[in-house]
Amino acid sequence: MWKVAAALGYCVRDADPGLGVRNRAAPGRSLQWSEGEVVRQAKRAWRRGYHGLAAVIAVAWDTQLSPGDVVALRASQLARGAAGEAFFTQRGKTGKAVGGILSTRALWVLHGYLEKLGVELHGDAYIFRNRSGARYSVDTLGDDFRDVRSIEFGPLERRTIGHDFRRTGAVEAIAGGAQPAELAHAMGNTLSASNALFATYVPVNVTSLREVMDARRRGRSKLR
């Protein structure tokens, strides 16, 4: 357009201000959490009465599911493996695992939250509720997480429960020697349809989830 205008005498051809503009992509985030910081955030949430949030934090940290996938989990999706591992499955009767295996600590928090909830959840009932008893939405979860984060780490803290949790889990697993396919199973396979093709060719299984869980522990020790 500038060259056309210059040809018509409206401007100088070589004075195009657009030539000085460079399309630089924003640098990727590199923020991470430590396990101890995540525990602090969960404990602070519990002590402030955000019991559902504390359970979400514990589950999101272990499973590496996105916040949207965690708050969408139903009671019928919690399952146990042959060796007693606790994990979540896809909705329906496929039995395919999604996300990582829950640690003993996460199960304690989850069971404690369910006791506080005072209601036995069945079938398609959503697991995670906010302080009002309503189902957690992604927006409400984000608001509560930021409120507790500000109390525990100060108002300038910006790390999130979503990408920064998942990034940390990936770094731990890679440092611990997790194989790419196993890592993709445990961290890339969410409840969204976008991963259906990958799951078709590389089915998720509990063994791969266990390998990633062990790799994260090894990696966490190396990174300390």
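S.K.: Would you mind showing me how to read the side chain of Arg220 here?
M.R.: In this fold, Arg220 is placed in helix H10 (residues 206–223). Take Arg220: its relative accessible area is 14%, and that puts it in the buried class. At 3.0 Å, the side chain of Arg220 and the side chain of Glu172 are in polar contact. When neighbours within four sequence positions are excluded, Arg220 is seen to be in contact with Glu35, Trp61 and Glu172.

S.K.: How do you make sense of the nonpolar core when you look at a structure like this?
M.R.: A general tendency of soluble globular proteins is for nonpolar side chains to be buried together. In this structure, Leu53, Ile57, Leu102, Ile127, Phe128, Tyr136 and Phe165 are the most contacted members of the largest nonpolar core, which totals 38 residues. Secondary-structure elements contributing two or more residues to this core are helix H2 (35–47), helix H3 (51–63), helix H4 (67–71), strand E2 (86–89), strand E3 (97–102), helix H5 (104–117) and helix H6 (138–153). Not counting residues up to four positions away in its chain, the partners in contact with Ile57 are Val38, Gln41, Ala42, Ala45, Phe145, Ile161 and Phe165. Judged by nonpolar contacts, the second largest core, of 11 residues, contains Phe87, Ala97, Ile101 and Leu209.

S.K.: Would you explain the sheet that holds E3 in this entry?
M.R.: The strands making up a sheet are joined through hydrogen bonds of the backbone, oriented either antiparallel or parallel. With antiparallel pairing, the three strands of this open sheet are ordered in space as E1-E2-E3. Only two strands of the sheet have a single neighbouring strand rather than two, namely strand E1 (78–80) and E3. On average, each strand axis in the sheet is tilted by 35 degrees relative to the strand beside it, whichever way the strands run. Looking at chain direction, E1 and E2 are connected through three bridges and run antiparallel. Across the sheet, residue Leu78 finds its bridge partner in E2, namely Phe88.

S.K.: Is there a simple way to think about the pairing of E2 in this case?
M.R.: In summary, the side chains of a regular strand alternate between the two faces of the sheet. Every second residue of E2 is oriented toward a common face, with Ala86 and Phe88 on one face and Phe87 and Thr89 on the other, all of them buried. Pairing between E2 and E3: three bridges, direction antiparallel. Of the residues in E3, the one forming a bridge with Phe88 is Val98.

What counts as what
- Residues numbered from 1 in each chain as written.
- Predicted model: local features only at pLDDT ≥ 70, side-chain atom pairs only at ≥ 80, totals over all residues.
- Heavy atoms only, no water.
- Helix = DSSP H or I, 4+ residues; strand = E, 2+ residues; numbered from the N terminus.
- Buried < 20%, exposed > 50% of the residue type's maximum accessible area, 1.4 Å probe, protein only.
- Polar contact = N/O pair within 3.5 Å; in protein donor to acceptor, adjacent residues only side chain to side chain.
- Contact = heavy atoms within 4.5 Å.
- Core = buried A, V, L, I, M, F, W, Y, C linked by side-chain atoms within 4.5 Å.
- Pairing = 2+ DSSP bridges.
- Axes fitted to C-alpha atoms, helices over the stretch in contact; angles between N-to-C directions.

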